[in-house]
Amino acid sequence: MPESYPREHIEDLVDDNLEWNQLHDMMSDFKDADRFQQVRDVLQERVDWDDPIIIPYADHLYVVAKPDNRWVIKCDCGHEFCEHDQNWKMDALINVRDSEEDYLEIYPEDMHPHPDYMELREFFCPGCNTLLEVTNVMPGYPLIHEFEPDIETFYSEWIEEPIPTAEPESA
Amino acid sequence: MSTEPDEGESFPRMRREKETVREQQQEGVGIGWDGQTLREQFEALEEETEETGHYAGFEKLELKQNNPIEYEQMFAQLRGDLVNARETSKEVAATPIVEQEGELCYGLFTPEGDSIAVSTGIIVHIHTMSEAIKYMINHDYEESPGIEPGDIFVNNDTHVGDVHACDIMTLIPIFHEGELVAWAGGVNHVIDTGAIGPGSMNVSQASRFGDGAYYTARKVGEDLKLYNSWKKDYPDKTRTPDFLKLDERTRMTGCLMIRDAVKDIIDEYGVEQFKQLSREAIEDGRRGFRNRIKKTMLPGTYRGASFVDALYEGQDNLTRAYADENHLMHAPSELHVREDGSFQVSFEGANKWGWHPYNCTPAAIQGGIWVMLTQTVIPNSNVNDGAYYSCDFHLPVGSWANTQNTETAHAYAWHFLVSAWAPLWQHLSRGYYSRGFWEEINAGNANTSNWLQGGGIDQFDKLHAVNSFESACEGVGARYVEDGEPHAAAIWNPEGDMGDAEVWEMTEPLPFLGRAVKPNTGGAGRRAGGAGFESMRTVKDVSRWLLYEMGNGYMTSDGGLFGGYPAASGYILNAQNTDLEERFENQEDYPQHDLDPESGDFESKINGDITRRPEGISTPKEFDDYDMYLNYLRGGSGLGDPLEREPEDVVADIHDGYVLPRHAKDAYAVVVEKVDDEAKHNSAVQGEWELDEEATKELREERMQERAETAKPVTEWYEEQRDRIRTETDLIDDVKKTYESSMRMSKQFAEFYHEFWELPEDFEFTLSEKAEKSLENRFKTGLKQKWDNPTKGHETWLDVGRDDEPEVPYTWTAGRTIQDLPTPDASFNDMTAEPATDDD
């Protein structure tokens, strides 16, 4: 039961270099206490910008601290979407698959939703064009804001650490 | 095992217990602890729990703290005994459902019905049996029909505590010196309960009255013997009486093994220590759940929505004309992870129940969420009702998730349940992602379909029903660190198994023509969803034989995660009046698969009346010898941008039969070239394929550029969509009816919808006369509640009027933040006083 994995092990997790048996051991074992900090630190090294990562938000996305005490959602390409409690999708690019022809690019005939009943919304990062999320909803459905983390409670009560802050902008 | 002295009579110890209880009753002493009635004990437990914020007022875990080894030994022994009961008793059963797929489980419960420990198996019933016990207590079974040593109770009423009628549960009380100390309970999935159509989960009925026989927390025996009235009752209500008789013996075997195990524990450790353990284990489980959440997730609000179709318009054999309509399930899913690590799960915004058998009750939803949590959040902790005490559920009364109407049908509640769970996996996964526990991330589960079901006169000239439980084996969602497991599991049975084809053929007159991995069933992604599989069946030596299909068709309920695509949806393929017999005789080719529905391969190898439709559900229809039926089992959803998938993995996918070659280019932008026509891999795709690295690199660059050119800013799309909704352009009646149903169910959802799209306050969708009538009909049907005497915990399901402010707000409005959420009052508010000694 490791309280903590070696730094190299966490780097391998982030870099997708672990073997299945190692991953399986991590699944079966008790959870290491400092995983969040370790993963955050490794991710911070992997990105090309300096804004402190507050939390990994989703694949490719982070909540980062900006100099003027703002927390924004940022892609690893550097594109900044919005404040951390807003829905980043409103600032994304979208492509909607809502025709038979669109569906057949991904699914065989008869094995995809009916366009009258369901559409696939693909959300891309305007900075790097990475596909960040695909949602399958009825036509006319509002955008789903999937995750509103309670960052203050997490830092102050769950891990009892100060929330990372950015260096003030020089004049 | 306990040894009871041979005094020339059966169960002498049980008889002595019974005498003691009867003597006490004559003196007005209850069967609860310290002379309380069971109902008094239940009410006291609820009060103590609420007052202290700890289960049964157990602020300290004295046994665990003072004697941790013994505590763990006792719990492990109990759990081992439950697993042993399951593994042993399933050999008593005759149906492959139980014997092969292991569709049974056992639980040990406190006198008040809280589960202390649970076996492996269909652990969805960790809580459904709890509800049935609580129902008996709340409805004063102690007075009538009495709860005494040796009594046997049976329940399969969904409104009491079950998912659907074909999960039959047996409950027996365990006494010690005049006190009820525990309940043993077992559930298994039976093959037929006498619904209007053959099979365990018929789909053509509009109401409960077509679901099959319901036994409502019924006492069916005493002195550990079944009443003759019961033995002469249920066999005639099913098409498979012999299976049901053995299923009942299976459950009784397991329950008696558990009863003996409890007696052994009491003999070894004393009854007071057993009572202490039973309370502490639940409080320990409650704390463990919160500790686990605080260690692995983030507090906050997680949201999602899922949908599934149930298309009945134009179906044959519907039992009511008013059921001739299409239904869509809308399941908005909100999870609030509170500061103390407890869960608040809300389906506010869910639409109205329908005239179909996919409706749910609270027990079904709770059980369903339980089976998911035990596989994700608490896989290595005390799995018991402790977790239940860390969760609040808001299931809108009158919605498909909580009909509170005993007229509603529930035979295949799973169709909606499994679909509604889909976002919950993703809620957990988003939390795990943020905390860095990437090895736990899972994109979701598969919609567990198809369920080959039917019946008629079988190969032995007997009335028979079938239910292929191959659906216990589907593709699972992609993980963050690996692809999803192909044809591996079903959400509701974590030990899922498709069963041996040969064993199924012994009980079903449906020979297998082929069984293979189904390409493109798993969702595309950096990590691919696990593929489903398919079986091609024919029918032989039957008469008046019916078969039907069930599953998603026009919608896919499983969303992808982080850029992964949803799994494929289903379709129906049958052939009737075929020339299969002649083909056998002439040793000609015949269809064994339908791996690529576009290939024409199936049609080229059979002559007959072929039905190929993109829907998922059909009502029972007649099949004759040499007719054909495709049983297509779904896959899991994908995770991550497909363009980030290693190109070599896509080539492997082709050779493994997971991806059709043309989709390598379409879905993954991977260019492959066929280099050998003859080579055969572990796949239905003939040939050897090689990666063109350079062309792939170029194509991926092009594809990224295309994205930038074809995609539009969401703000622009929003304007178009808002206009579309205002003008109701290209929105079909089924979709509009679903929105209207949700808005009439939930003023919060209506406000949210109006606000989001900036619609006029009086905006309503225009419905056809038929749709309007359908909604009106169901909304006017009102409530017909089963529980007329709830204790506090059960008021949750009953007293939330639609005009009242619900306990859980709808938080999707942009202006609201997590900080605005109310503090919970239905759950415990305080922080855990002392952490559990392990990290879970």
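- As annotated in an unreviewed UniProt entry, chain B is Acetone carboxylase subunit alpha from Natronorubrum aibiense.

- In the nomenclature of an unreviewed UniProt entry, chain A corresponds to Acetone carboxylase subunit gamma from the organism Natronorubrum aibiense.

1. Topic: the interface of chain B and chain A
Moving on, step 1. Across the boundary between the two partners, chain B contributes 109 residues, which contact 81 residues of chain A.
Moving on, step 2. In this assembly, chain B packs against chain A so that about 8100 Å² is buried in total across both faces, 61% of it on carbon and sulfur atoms.
Moving on, step 3. At the boundary of chain B with chain A, the tally comes to seven salt bridges.
Moving on, step 4. Put simply, chain B and chain A have 41 residue pairs in polar contact (both at pLDDT 80 or more) between them.
Moving on, step 5. Looking at which element gives the most residues to the side of chain B that touches chain A, the answer is strand β8 (residues 300-311) of chain B, with eight residues.
Moving on, step 6. Of the residues in the side of chain B that touches chain A, the class split is 50 nonpolar, 29 polar and 30 charged.

2. Details of the pairing of strand β13 (residues 463-467) of chain B
Two faces belong to every sheet, and in a regular strand the side chains alternate between them.
Residue and element names in this part refer to chain B.
Moving on, step 1. Counting buried positions along β13 gives four out of five residues, so the element sits mostly inside the fold.
Moving on, step 2. In the sheet, strand β12 (residues 453-457) pairs with β13 via five bridges, with the strands oriented antiparallel. Paired with Gln-453 across the two strands is Asn-467, which belongs to β13.
Moving on, step 3. Two successive antiparallel strands, β12 and β13, enclose a turn made up of five residues, where Asp-461 displays a positive phi of approximately 60 degrees.

3. Re the sheet that holds strand β9 (residues 326-337) of chain B
Moving on, step 1. Overall, mixed pairing links the five strands, which are arranged β8(A)-β8(B)-β9(B)-β10(B)-β11(B) in an open sheet. At either end of the open sheet lies a strand with only one pairing partner, and these are β8 (147-149) of chain A together with β11 (391-394) of chain B. The mean angle between the axes of side-by-side strands here comes to 15 degrees, regardless of whether they run parallel or antiparallel.
Moving on, step 2. The sheet contact formed by β8 of chain A and β8 of chain B spans three bridges and is antiparallel. The partner of Glu-148 of chain A across the bridge, within β8 of chain B, is Thr-301 of chain B.
Moving on, step 3. The strands touched by helix α12 (residues 414-435) of chain B are β8 of chain A together with β8, β9 and β10 (343-346) of chain B; relative to β8 of chain B, the strand with the most contacts, the crossing angle is about 155 degrees.

4. Comments concerning unusual backbone geometry
Residues and elements named next belong to chain B.
Moving on, step 1. With omega at 10 degrees, the peptide bond leading from Ser-144 into Pro-145 counts as cis.
Moving on, step 2. On the secondary structure map, Pro-145 appears in the loop between α6 (125-138) and β3 (152-155).
Moving on, step 3. Between Ser-449 and Asn-450 the backbone carries a cis peptide bond, its omega angle lying at 0 degrees.
Moving on, step 4. On the secondary structure map, Asn-450 appears in the loop between α12 and β12.
Moving on, step 5. For Tyr-626, which is not glycine, the phi torsion reads 70 degrees and is therefore positive.
Moving on, step 6. Structurally, Tyr-626 is set in the loop between β19 (621-623) and β20 (628-632).

5. Side note on the domain arrangement of chain B
All names here are of chain B.
Moving on, step 1. Considered domain by domain, chain B is made up of domain 1 (9-48 + 74-269) and domain 2 (442-645).
Moving on, step 2. Taking the mean C-alpha position of each, domain 1 and domain 2 sit 34 Å from one another.
Moving on, step 3. Facing 25 residues of domain 1, the contacting portion of domain 2 comprises 30 residues.
Moving on, step 4. Both sides of the domain 1 and domain 2 interface together cover about 2100 Å² of buried area, and 63% of this is carbon and sulfur.
Moving on, step 5. Summed over the three residues of domain 1 that lose the most area to domain 2, namely Gln-100, Glu-101 and Pro-198, the buried surface amounts to 28% of that side.
Moving on, step 6. Viewed at the interface, domain 2 and domain 1 are joined by one salt bridge.
Moving on, step 7. The salt bridge involving Asp-242 is made with Lys-462; its shortest N-O contact spans 3.5 Å.

6. Topic: the sheet that holds strand β17 (residues 572-576) of chain B
What holds strands together in a sheet is hydrogen bonding between their backbones, with the strands either parallel or antiparallel.
Residues and elements named next belong to chain B.
Moving on, step 1. The sheet built from five strands is open, its strands ordered β14-β15-β20-β17-β18 with antiparallel pairing. For this open sheet the edge positions go to β14 (512-517) and β18 (609-613), each flanked by a neighbour on one side alone. When strand polarity is set aside, the average angle formed by the axes of neighbouring strands in this sheet is 10 degrees.
Moving on, step 2. Both β17 and β20 contribute to a ladder of two bridges, which runs antiparallel. Each residue of the ladder has a partner; that of Asn-574, found in β20, is Tyr-629.

7. Considerations on the pattern of salt bridges
Note that side chains of opposite charge can pair when their charged atoms are close.
Moving on, step 1. Under the criterion given, the structure shown has 84 salt bridges over all chains.
Moving on, step 2. In this structure, the salt-bridge partner of Arg-35 of chain A is Glu-439 of chain B, at a minimum N-O distance of 2.8 Å. Remark: Glu-439 of chain B occurs in the loop between α12 and β12 and Arg-35 of chain A occurs in helix α3 (residues 35-46); the pair is interchain, linking two chains.
Moving on, step 3. The exposure class of Glu-439 of chain B is buried, given its relative accessible area of 2%.
Moving on, step 4. In this structure, the salt-bridge partner of Glu-222 of chain B is Lys-18 of chain B, at a minimum N-O distance of 3.3 Å. Of this pair, Glu-222 of chain B sits in strand β6 (residues 218-222) while Lys-18 of chain B sits in helix α1 (residues 12-26); the two residues are 204 residues apart in sequence, bridging distant segments of the chain.
Moving on, step 5. Note on Glu-222 of chain B: relative accessible area 26%, which makes it partly exposed.
Moving on, step 6. With relative accessibility at 7%, the residue Lys-18 of chain B sits in the buried group.

8. Description of the domain arrangement of chain A
Moving on, step 1. For chain A, the assigned domains are domain 1 (1-46) and domain 2 (93-137).
Moving on, step 2. Taking the mean C-alpha position of each, domain 1 of chain A and domain 2 of chain A sit 33 Å from one another.

9. A few points about a negative patch on the surface
Residues and elements named next belong to chain B.
Moving on, step 1. Taken together, the side chains of Glu-646, Glu-648, Asp-649, Glu-673, Glu-690, Glu-693, Glu-694, Glu-698 and Glu-702 make up a negatively charged region of the molecular surface.
Moving on, step 2. Listed by contribution, the elements that provide at least two residues to the negative patch are α16 (647-656) and α18 (693-710).
Moving on, step 3. It is α18 that provides the largest number of residues to the negative patch, a total of four residues.
Moving on, step 4. Tracing the sequence through the fold places Glu-648 in helix α16.
Moving on, step 5. Exposure remark for Glu-648: the relative accessible area of 48% places this residue in the partly exposed category.

10. Some words on the packing of helix α4 (residues 68-89) of chain B against helix α10 (residues 271-296) of chain B
Residue and element names in this part refer to chain B.
Moving on, step 1. Where α4 meets α10, the axes come as close as 11 Å, and the angle between the chain directions of the two elements is 85 degrees. Looking at the two axes, α4 sits roughly perpendicular to α10. Each of Glu-70, Tyr-71, Met-74, Phe-75 and Leu-78 in α4 lies in contact with α10, whose residues at this interface are Gln-273, Phe-274, Leu-277, Glu-280, Ala-281 and Asp-284.
Moving on, step 2. A breakdown of the residues in the contact of α4 with α10 according to their chemical character gives seven nonpolar, one polar and three charged.

11. Let's talk about the confidence of the model for chain B
Residues and elements named next belong to chain B.
Moving on, step 1. Chain-level statistics for chain B give a pLDDT mean of 92 and a share of 93% at 70 or above.
Moving on, step 2. Taken as a whole, residues 800-806 scores under 50 in pLDDT and shows 15 contacts with residues more than four places along the chain or in a different chain.
Moving on, step 3. Residue range residues 822-840 is modelled with pLDDT below 50. Its contacts to residues more than four positions away, or to other chains, number 54 contacts.
Moving on, step 4. This complex was scored by the predictor with a pTM of 0.95 and an ipTM of 0.98.

Reading the values: rules and limits
- Residues numbered from 1 in each chain as written.
- Chains lettered and ligands numbered in written order.
- Predicted model: local features only at pLDDT ≥ 70, side-chain atom pairs only at ≥ 80, totals over all residues.
- Heavy atoms only, no water.
- Contact = heavy atoms within 4.5 Å.
- Buried area = accessible area lost by both parts, 1.4 Å probe.
- Salt bridge = Lys/Arg side-chain N within 4 Å of Asp/Glu carboxyl O.
- Polar contact = N/O pair within 3.5 Å; in protein donor to acceptor, adjacent residues only side chain to side chain.
- Helix = DSSP H or I, 4+ residues; strand = E, 2+ residues; numbered from the N terminus.
- Nonpolar A, V, L, I, M, F, W, Y, C, P; charged D, E, K, R; others polar.
- Buried < 20%, exposed > 50% of the residue type's maximum accessible area, 1.4 Å probe, protein only.
- Pairing = 2+ DSSP bridges.
- Axes fitted to C-alpha atoms, helices over the stretch in contact; angles between N-to-C directions.
- Domains from an automatic or database assignment.
- Patch = residues over 30% accessible without salt bridge, like charges linked within 9 Å, V, L, I, M, F, W, Y side chains within 5 Å.
- Areas by Shrake-Rupley, 256 points an atom, 1.4 Å probe, with all protein chains shown as cover.
- Lys, Arg positive; Asp, Glu negative; His and termini not counted.
- Charge placed at Lys NZ, Arg CZ, Asp CG, Glu CD.
- Parallel < 35°, antiparallel > 145°, perpendicular 65-115°, else oblique.
- pLDDT = per-residue confidence, 0-100.

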